[in-house]
Amino acid sequence: MRRQLYRLTEASSSSLPPVAVSMASQFIREWSGIQQFPPATQDKLLQLLGKLKEKKKDRLTILVMGKGGVGKSSTVNSIFGERAVTVSAFQSEALRPTMVSRERSGFTLNIIDTPGIVEGGYVNDQALEIIKRFLLNKTIDVLLYVDRLDAYRVDTLDGQIVKAITNTFGQEIWRRAIVVLTHSQLSPPDCLTYDDFLAKRSEALLKVVYNGARFTKQDIQSYSIPVGLVENSSRCNKNEKDEKILPNGTAWIPSIVETITEVSLTESKSILVDQKLIDGPNPNDRGKLFIPLILAFQYFFVVKPLQRSIKNDVQKEVKPLWA
Amino acid sequence: MHKLFFTEFKWNYLFMNFLTCFEISILFSRAKIRLRYGLIVLFYELSGSMAREWTGIQLFPLATQTKLLELLGDLKTKERTSLTILVMGKGGVGKSSTINSILGERAVSVSAFQSDVPRPVMVSRSWSGFTLNIIDTPGIVEGGYVNDQALDLIKRFLLNKTIDVLLYVDRLDAYRVDNLDKQIVKAITESFGKEIWSKGMVVLTHAQLTPPDCLSYDDFFGKRSEALLKVVESGGRLKKSGIQGNTIPVVLVENSSRCNKNDSDEKVLPNGTAWIPNIVEVITKVATNESQSILVDQKLIDGPNANDRGKPFIPLILAFQYFFVVKQVQKWIKDDIAKAPKSSWE
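Thresholds, definitions, all that
Residues numbered from 1 in each chain as written. Chains lettered and ligands numbered in written order. Predicted model: local features only at pLDDT ≥ 70, side-chain atom pairs only at ≥ 80, totals over all residues. Heavy atoms only, no water. Helix = DSSP H or I, 4+ residues; strand = E, 2+ residues; numbered from the N terminus. Buried < 20%, exposed > 50% of the residue type's maximum accessible area, 1.4 Å probe, protein only. Contact = heavy atoms within 4.5 Å. Phe/Tyr/Trp six-rings, centres within 6.5 Å; stacked < 30°, edge-to-face > 60°. Lys NZ or Arg CZ within 6 Å of the ring centre and 35° of its normal. Core = buried A, V, L, I, M, F, W, Y, C linked by side-chain atoms within 4.5 Å. Salt bridge = Lys/Arg side-chain N within 4 Å of Asp/Glu carboxyl O. pLDDT = per-residue confidence, 0-100. Pairing = 2+ DSSP bridges. Axes fitted to C-alpha atoms, helices over the stretch in contact; angles between N-to-C directions. Parallel < 35°, antiparallel > 145°, perpendicular 65-115°, else oblique. Nonpolar A, V, L, I, M, F, W, Y, C, P; charged D, E, K, R; others polar. Buried area = accessible area lost by both parts, 1.4 Å probe. Polar contact = N/O pair within 3.5 Å; in protein donor to acceptor, adjacent residues only side chain to side chain. Lys, Arg positive; Asp, Glu negative; His and termini not counted.

### Here we look at the overall build of chain B
- For chain B, the count of helices and strands is ten helices and eleven strands.
- The buried share of chain B, taken over its 346 residues, is 42%.
- Sequence separation of 24 or more characterises 74% of the internal contacts of chain B that already satisfy a separation of 6 or more.

So this is what it looks like as structure tokens:
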């Protein structure tokens with residue numbers, strides 16, 4: 001009883017029963033952070049929101065996933081322009097996912113921040129379970145797969161994360177995915193220009209993603225996952241219009257929101273996380289259709305001949321004198 | 001008779017020949033690997049004895065050169081003419097880059113996106129009678145697991161070498177310390193023994209970072225070192241052996257050519273320290289501290305012999321078994337035989 005009470009009073013919407021969530025959605029806070037952005041950024045963002053509303057999309061749900069400590073929560077805070085999710089440099093993230101919703105002129109933006117699913121060399125299945133249960137009956141429009149730009153190795157651990165995401169949500173989620181590289185304001189190692197380094201890093205990471213998502217060569221040719229760059233530090237360089245920019249000159253906040261908009265307007269369907277998706281394919285259904293065929297085969301080709309040969313043997317046997 | 005003898009002899013001879021050829025071919029295929037490896041080790045040892053001159057030291061700015069030569073002089077007064085440094089850590093943290101920076105030349109190949117050196121490499125440079133050997137190792141972590149094969153290669157490479165200083169390298173700009181780091185520390189401790197940490201130091205690369213908001217550089221550095229030293233202490237189980245985790249020195253390193261420089265043109269960290277003389281100073285301090293250097297002999301590599309465990313108890317157990325079990329059971333059997341009723345047909 002006490003546990004239920006505690007759950008009701010918890011602030012995060014993850015633990016509220018569905019009825020309460022729909023009621024709480026009436027109280028979505030306004031995206032006030034957008035006014036903190038410089039005017040140039042604000043204009044571009046409002047333009048993109050307008051575009052989405054034209055195509056009759058008045059809400060967008062973004063799922064943010066990745067290893068721990070790469071900058072997922074920081075990215076969410078940067079996009080909203082406020083400290084919506086707690087970030088701490090040295091502690092592990094919160095163990096459960098949180099959804100942050102903000103509303104602006106009829107458009108609702110929901111971003112779901114998740115705990116890092118890698119824990120000391122292994123994919124943390126418990127964290128994955130919690131994320132799945134949190135997402136029940138939500139629709140994911142865009143997946144942000146976050147990693148650092150300034151990492152110099154890609155290994156099987158990244159492959160395992162991608163595979164875990166694919167096994168949980170299905171391969172289709174990667175058609176609505178963006179690879180986000182944080183810590184973008186880096187000075188590349190010697191002998192490499194920023195663009196070269198970026199190209200190599202994206203190539204290495206995308207290779208792992210395509211491998212883990214089981215994309216065939218045709219899939220890759222027809223659709224390539226976009227890469228977004230992000231720099232969440234307050235020491236990010238700014239251009240004349242006071243927008244935060246990357247070392248290659250792009251203003252990254254409008255850029256990533258534009259990529260998100262483009263991905264959300266693609267033809268592929270948004271992923272609805274229903275109970276069926278969470279449970280996964282039922283192994284009992286596998287080959288169900290063959291059961292009557294196998295039974296028929298067994299009856300006609302095994303049971304009947306056996307019965308016949310038993311009858312024959314009974315007839316042919318020589319009765320002993322004392323039977 | 002003669003002929004018969006000769007024929008027999010010939011068959012024997014051919015048979016033995018065949019056998020030896022067969023044996024040799026088997027041994028050879030196994031030995032081929034050993035031979036190849038032995039040649040490589042020999043080559044490295046030879047190259048060690050013909051250490052090249054530390055020309056890179058002249059490429060440093062004058063202030064750095066002076067400090068380094070001072071430190072080398074210090075070492076020579078303490079009668080140390082050579083120093084062997086072992087560099088270990090995860091992959092992609094900057095081990096090879098650090099070695100190149102200390103030596104002032106591109107002694108070890110560094111590539112931003114490929115895996116590290118496949119096998120350990122020893123680089124030796126000498127200057128005015130002093131020899132510096134630095135051993136670069138492949139990252140011992142591979143996709144979430146400690147790579148035992150790489151560890152094995154490192155151990156075999158280090159056979160009969162003495163390690164004066166261990167450099168445990170990691171990045172300053174990592175925001176999480178997890179079980180993986182603990183496993184690396186455990187692997188190092190199990191391979192070389194706890195004593196290696198009394199000759200150990202932690203090196204944090206990418207030191208020219210702008211810390212995250214709300215933290216000053218020194219605060220960030222303090223927290224990062226604290227977290228990492230805690231892992232070293234727990235992974236190496238140092239508490240029981242009396243080695244204090246917080247006595248292990250932590251140094252900062254910035255290997256990029258974009259490292260800031262001070263007025264004397266030395267590479268400096270954001271807190272103003274010239275890091276090249278600083279790291280060499282800490283290395284000399286650790287090398288000349290009271291603990292002994294680690295000699296990597298066959299016994300250390302093989303580890304404690306599991307067969308020796310509890311050996312002294314064997315005679316006691318045997319005696320116990322004899323007096324309390326065997327004798328007792330014999331007595332019971334005799335009693336049973338004596339008491340058994342004789343059957344009618346005996």
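That covers the picture; the talk isn't over yet.
### As for the packing of aromatic side chains
All names here are of chain B.
- Tallying each qualifying case throughout the model produces eleven aromatic pairs over all chains.
- Both rings, one in Tyr322 and one in Phe323, keep their centres 5.3 Å apart while their planes meet at 75°; by these two values the pair is edge-to-face.
- Of note, Lys161 hangs over the ring of Phe157, and the distance from its end group to the ring centre comes to 4.8 Å.

### Observations regarding the nonpolar core
- Counting 83 residues, the largest nonpolar core has Ile188, Phe192, Trp197 and Ile279 of chain B as the members making the most contacts within it.
- The element contributing the most residues to this core is helix α8 (residues 275-287) of chain B, with eight residues.
- If we ignore the near neighbours within four places in the chain, the residues touching Ile279 of chain B are Ile102, Met201, Val203, Val251 and Val253 of chain B.
- The next biggest cluster of nonpolar side chains, apart from the first, holds 79 residues, and it includes Ile173, Phe197, Ile225 and Ile278 of chain A.

### Quick notes on the pattern of salt bridges
- What the rule picks out here adds up to 22 salt bridges over all chains.
- Across the salt bridge formed by Glu30 of chain A and Arg104 of chain A, the nearest N and O atoms sit 3.7 Å from each other. With a gap of 74 residues between them, Glu30 of chain A in strand β1 (residues 29-30) and Arg104 of chain A in strand β3 (residues 98-104) connect regions that are remote in the sequence.
- One connected set of salt bridges, linked through shared partners, spans Arg148 and Asp150 of chain A together with Arg171 and Asp173 of chain B.

### A closer look at unusual backbone geometry
- Positive phi, normally seen in glycine, also occurs at His183 of chain A, with a value near 55°.
- Here His183 of chain A is to be found in the loop between β9 (177-182) and α7 (194-212).
- According to the relative accessible area criterion, His183 of chain A is partly exposed, its value standing at 22%.
- With a phi angle near 70°, Asp265 of chain B is a residue other than glycine that sits in the positive phi range.

### Section: the confidence of the model for chain B
- Of the residues in chain B, 84% have a pLDDT of 70 or more, and the chain-wide mean is 84.
- Reported confidence for the predicted complex is 0.76 by ipTM and 0.78 by pTM.

### Quick word on the pairing of strand β4 (residues 107-113) of chain A
Residue and element names in this part refer to chain A.
- Taken across its seven residues, β4 has seven buried, putting it largely inside the fold.
- Neither face of β4 is open: one carries Phe107, Leu109, Ile111 and Asp113, the other Thr108, Asn110 and Ile112, and all of them are buried.
- Looking at chain direction, strand β2 (residues 59-66) and β4 are connected through six bridges and run parallel. Bridge pairing links Ile62 to Ile111 in β4.

### Quick word on the packing of helix α3 (residues 39-54) of chain A against helix α9 (residues 252-264) of chain A
Residues and elements named next belong to chain A.
- Relative to each other, α3 and α9 sit at 5°, their axes nearing to 9 Å. Taken together, the axes of α3 and α9 lie roughly parallel to each other. For the pair α3 and α9, contact is made by Thr41, Lys44, Leu45, Leu48 and Leu52 and by Ile253, Pro254, Val257, Glu258, Thr261 and Ser264, respectively.
- Among the residues making up the contact of α3 with α9, the classes are represented as six nonpolar, three polar and two charged.

### So, the interface of chain B and chain A
- Taken together, the 34 residues of chain B in the interface contact 32 residues of chain A.
- Here chain B and chain A share an interface that buries about 2600 Å² over both sides, 52% of which is from carbon and sulfur atoms.
- A per-residue breakdown of the area chain B buries against chain A is headed by Phe113, Tyr175 and Arg176 of chain B, which together make up 28% of the total.
- For the pair chain B and chain A, the number of links is two salt bridges.
- Asp173 of chain B is the salt-bridge partner of Arg148 of chain A, the closest N and O atoms lying 3.5 Å from each other.
- Inspection of the chain B/chain A interface yields four residue pairs in polar contact (both at pLDDT 80 or more).
- A class-by-class count of the residues in the side of chain B that touches chain A yields ten nonpolar, 14 polar and ten charged.

### A word on the confidence of the model for chain A
- On average, residues of chain A carry a pLDDT of 86, and 91% of them reach 70 or more.
- Low pLDDT (under 50) marks residues 4-25 of chain A, which in the prediction has 14 contacts with non-local residues, meaning those over four places away or in another chain.

### Observations concerning the side chain of Asp136 of chain B
Residues and elements named next belong to chain B.
- Structurally, Asp136 is set in strand β4 (residues 130-136).
- Although Asp136 is buried, it forms no salt bridge, and the closest oppositely charged side chain is Lys95 at an N-O distance of 5.7 Å.
- Ignoring any residue separated from it by four or fewer positions in sequence, one finds Asp136 in contact with Val87, Lys95, Ser96, Ile99, Val108, Val117, Arg119, Pro120 and Val121.

### Thoughts on the sheet that holds strand β1 (residues 52-53) of chain B
All names here are of chain B.
- Reading across the sheet, the seven strands line up as β1-β3-β4-β2-β8-β9-β10 and stay open at both edges, with mixed pairing between neighbours. Lying at the two open borders of the sheet, with one neighbouring strand each, are β1 and β10 (250-252).
- Here strand β2 (residues 82-89) runs beside β4; their pairing, made up of six bridges, is parallel. Its bridge partner being in β4, Ser82 is matched across the sheet by Thr131.

### Considerations on the side chain of Ser191 of chain B
Residues and elements named next belong to chain B.
- Examined against the element boundaries, Ser191 turns out to sit in helix α5 (residues 179-192).
- Residue Ser191 is classed as buried on the basis of its relative accessible area of 5%.
- A distance of 2.8 Å separates a polar side-chain atom of Ser191 from the backbone oxygen of Ala187.
- Apart from the residues within four sequence positions on either side, Ser191 is in contact with Leu151, Lys155 and Leu300.

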